[in-house]
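The primary structure of each chain is shown beneath.
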Amino acid sequence: MDFLQSPPLLRNTFDSDATLQSYIARALPADVAGAIRHDLFELGAYAAQAWLDARSRAPQTPQLTQWNAWGERIDRIETTATWQRGAALTARYGFVAAGHEAHLGALARVDQFLRVYLYHVASEFHSCPLAMSDGAATALEASGHRALCERALPHLLARDATHLWLSGQWMTETAGGSDVGHTGTIARRDADGRWRLHGRKWFTSAVVGEMALTLARPEGAGDGADALALFYVETCDANGAWNGIRIDRLKDKLGTRELPTAEIHLEGALAQPVGELAHGVRAIAPMLNVTRTWNAVCAVATMRRCLDLAFDYARRRRAFGRALVEQPLHRATLAGLAAEFEAAFQLVFFVAELLGRCEHGGDADDKRLLRVLTPLAKLWTGKLAVRIASETCEAFGGAGYIEDTGIPQLLRDAQVFPIWEGTTNVLALDALRALGKDGFDSLSARLQDLCPNGTASEALRTTLAAAQSWFAAHAGDRAALEAGARGFAVTLARCAAAALLARHAAWVRERGDVRTDAALSIFTGHGLSRLDATPMDAVARLIDNGAP
Ligand code: MFK
């Protein structure tokens, strides 16, 4: 009988996640942790079972049927079996609602994102429309538009699947991608004075949702982003017919294939302005910041899944006379990835804590810190998820390149994290904008306050000093500042993550756990600085002289 390699298995992803367990013990009061533990346990069991189930069936993708047998345009989208379970699970576990519930106050966001962290990979990116629904609820709450809040919030935050709505976030157009100011969708008043939208949206990730928030230019308004307004759209009328929406096709994507991302035309879709008829980007920003937080949570969830599988496999797979986990180089490789994940996890859940605090009061310092850390967490974890997923493929050797092991999908799916919701470069520039001219010192002081004394605090101080010098040296030269923005942003993200990992390590050390200390020393050993010293003139010589 030929040798048969046993495949990787997942244990309950809540029970087996030491990082998650120790975070909960530190961050949540015992009664809160006790109250949610059972739900988290069930989600961990669901995730492990979903992994097994997915290995025993052919992959499913959503299907668009544009015409019925008699030639009528119907644009019907059938979602996958996993997606069809999504509403019941969302209502039961409150993936959106938990973040808005009053009884946990500032901790509501932590509760919510622990649930999302456990659900994301098993959800097959049902988490995407949930993120947008959460973002829509947050933007509507921030708008103070009473009628729209009364209409949509009970659905977006429903705990009953029959009432639950999903929301889209329709921003991206053919000309207006990252540069949303080029949005071509026009809002026109009809004969009855109602607003109707006309245009083409190039990426709409939740056209199966019941509503969307979208940007459009009121007819006659000027050019540019500031003239855009934020509109609320319900996708279907009371009879279930599309509200002036034509679905041109579903996207054929590298990953997130279960997610029905569509190209659509708005052909007079009835819409309501959410607020004033301008400053739409400012009005949609609360949504962006929430979906970027989801992005970061889902990126660390992906990293965790990769590591669970890679570690399990390293214990099963033998080569050169011993298990992979006993091979010095493989051990060191896995430990290096795990240390990066540990740091990313602490940063992301700190952002969740801050978001909760800011939504329940929060002082100006917290709000400034949240504004900067949100793009930093999103951009750094997006790239890190791709790196860890890529290393995970490699940790499986050839099997990691074979589709039905389930491993390649992790990499294909991870690649979306640095792209949607703002690419790494767009987010790096956003971090610069959030920091402003004089935000560096307060960020630096907050990070140093968070970090207990020790080797990490030394590394933190040195790196922040280097970042400050870099920032000061480039402040007067916008092009040079932008050219180095990615390295600068990643450096700040790593500094924040190191401070938070050190804080966590100090707490668990007193309770006899040295694992996080080890992660901290490996993480700081990788270096915190990623400052980019590429000379601008070398860039110009390379790019402007016919290369590549
Ligand atoms: C599983 C995980 C789930 C994740 C869900 C993924 C769903 C996927 C769906 C999508 O991908 S939707 C498309 C996402 N598209 C983007 O993220 C667009 C990327 N481009 C940007 O982020 C630009 O920076 C942005 C369009 C936001 C702004 O560009 P502009 O046109 O140059 O506007 P400007 O003048 O910089 O900002 C306008 C106002 O908004 C300013 O305020 P004021 O009017 O008061 O001066 C900004 O300060 C404010 N603003 C911009 N970004 C902000 C913000 N305020 C708070 N937070 C922000 N992030």
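From a predicted model like this one, the values you see are computed outputs, not experimental measurements.

A. Layout of the overall build of the protein. Of the regular secondary structure elements, the protein holds 17 helices and 11 strands. The C-alpha atoms of the protein give 24 Å as radius of gyration, which agrees with the globular expectation for 548 residues (24 Å, within 12%). Projected onto the principal axes, the alpha-carbon positions of the protein cover approximately 75 × 70 × 60 Å. With 548 residues in all, the protein has 54% of them scored as buried. Sequence-distant contacts, at least 24 apart, represent 74% of the contacts inside the protein between residues at least 6 apart. When the accessible surface of the protein is summed, it comes to about 23400 Å², and 55% of that surface belongs to carbon and sulfur atoms. Here the protein holds 57 positive side-chain charges and 62 negative ones, and the gap between their average locations is 2 Å.

B. Molecular detail of the domain arrangement of the protein. On domain assignment, one finds that the protein holds domain 1 (167-279) and domain 2 (436-543). Computed over C-alpha atoms only, the centres of domain 1 and domain 2 are separated by 39 Å.

C. Up close: helix 8 (residues 328-359). Here helix 8 spans 47 Å end to end across 32 residues, near enough to the 46 Å set by a 1.5 Å rise per residue. In terms of burial, helix 8 is largely enclosed, as 24 of its 32 residues are buried.

D. Local environment of the nonpolar core. Ranked by size, the top nonpolar core spans 150 residues in total, and within it Leu 114, Tyr 117, Leu 213, Leu 373 and Trp 380 carry the most contacts. No fewer than three residues from each of domain 1 (167-279) and domain 2 (436-543) sit in this core. Grouped together as the second largest cluster of nonpolar side chains are 18 residues, Ile 77, Trp 170, Ala 229 and Ile 245 included.

E. Quick look at unusual backbone geometry. A positive phi is found at Glu 124, a non-glycine position, where the angle reads about 55°. Positive phi, close to 55°, is recorded for His 279, a residue that is not glycine. By the element assignment, His 279 lies in the loop between strand 9 (262-273) and helix 7 (280-316).

F. Broad picture of the packing of aromatic side chains. Enumeration over the complete set of coordinates arrives at 19 aromatic pairs. On the numbers, 5.8 Å between centres and 80° between planes, the contact of Phe 113 with Trp 294 is edge-to-face. Of the two residues, Phe 113 sits in helix 4 (residues 108-119) while Trp 294 sits in helix 7, which places them 181 residues apart along the sequence. Exposure remark for Phe 113: the relative accessible area of 0% places this residue in the buried category. Where Phe 471 meets Phe 488, the ring centres are 5.1 Å apart and the plane angle is 10°; that geometry is what we call stacked. Residue Phe 471 is found in helix 13 (residues 455-474), and its partner Phe 488 is found in helix 15 (residues 485-509); the two are separated by 17 residues along the sequence.

G. Here's a closer look at the pattern of salt bridges. Applying the stated criterion across every chain yields a total of 38 salt bridges. Ionic pairing is found between Asp 39 and Arg 115, a salt bridge with its closest N-O pair at 2.8 Å. With Asp 39 in helix 2 (residues 30-55) and Arg 115 in helix 4, this pair connects stretches of sequence that are 76 residues apart. A residue is classified by how much of its surface remains accessible, and Asp 39, at 13% relative accessible area, is buried. Here Asp 190 and Arg 194 are joined by a salt bridge, their closest N and O atoms 3.3 Å apart. Each member of the salt-bridge network shares a partner with another, and the members are Asp 39, Glu 42, Arg 92, Asp 111 and Arg 115.

H. Spatial organisation of the pairing of strand 3 (residues 167-170). Of the two faces of strand 3, the one carrying Ser 167 and Gln 169 and the one carrying Gly 168 and Trp 170 are both buried. In the sheet, strand 3 pairs with strand 6 (residues 211-218) via 4 bridges, with the strands oriented parallel. Bridge pairing in strand 6 links Gln 169 to Leu 213.

I. Structural view of the packing of helix 12 (residues 440-450) against helix 13. Axis separation between helix 12 and helix 13 bottoms out at 11 Å; the angle between their running directions is 175°. The angle between helix 12 and helix 13 falls in the class roughly antiparallel. Across from Phe 440, Asp 441, Ser 444, Leu 447 and Gln 448 in helix 12, the residues of helix 13 making contact are Leu 460, Arg 461, Leu 464, Ala 467, Gln 468 and Phe 471. Here the residues of the contact of helix 12 with helix 13 sort into 6 nonpolar, 3 polar and 2 charged.

About the cut-offs
Residues numbered from 1 in each chain as written. Predicted model: local features only at pLDDT ≥ 70, side-chain atom pairs only at ≥ 80, totals over all residues. Heavy atoms only, no water. Helix = DSSP H or I, 4+ residues; strand = E, 2+ residues; numbered from the N terminus. Rg over C-alpha atoms; globule rule 2.2 N^0.38 Å. Buried < 20%, exposed > 50% of the residue type's maximum accessible area, 1.4 Å probe, protein only. Contact = heavy atoms within 4.5 Å. Areas by Shrake-Rupley, 256 points an atom, 1.4 Å probe, with all protein chains shown as cover. Lys, Arg positive; Asp, Glu negative; His and termini not counted. Charge placed at Lys NZ, Arg CZ, Asp CG, Glu CD. Domains from an automatic or database assignment. Expected span 1.5 Å × (residues − 1). Core = buried A, V, L, I, M, F, W, Y, C linked by side-chain atoms within 4.5 Å. Phe/Tyr/Trp six-rings, centres within 6.5 Å; stacked < 30°, edge-to-face > 60°. Salt bridge = Lys/Arg side-chain N within 4 Å of Asp/Glu carboxyl O. Pairing = 2+ DSSP bridges. Axes fitted to C-alpha atoms, helices over the stretch in contact; angles between N-to-C directions. Parallel < 35°, antiparallel > 145°, perpendicular 65-115°, else oblique. Nonpolar A, V, L, I, M, F, W, Y, C, P; charged D, E, K, R; others polar.

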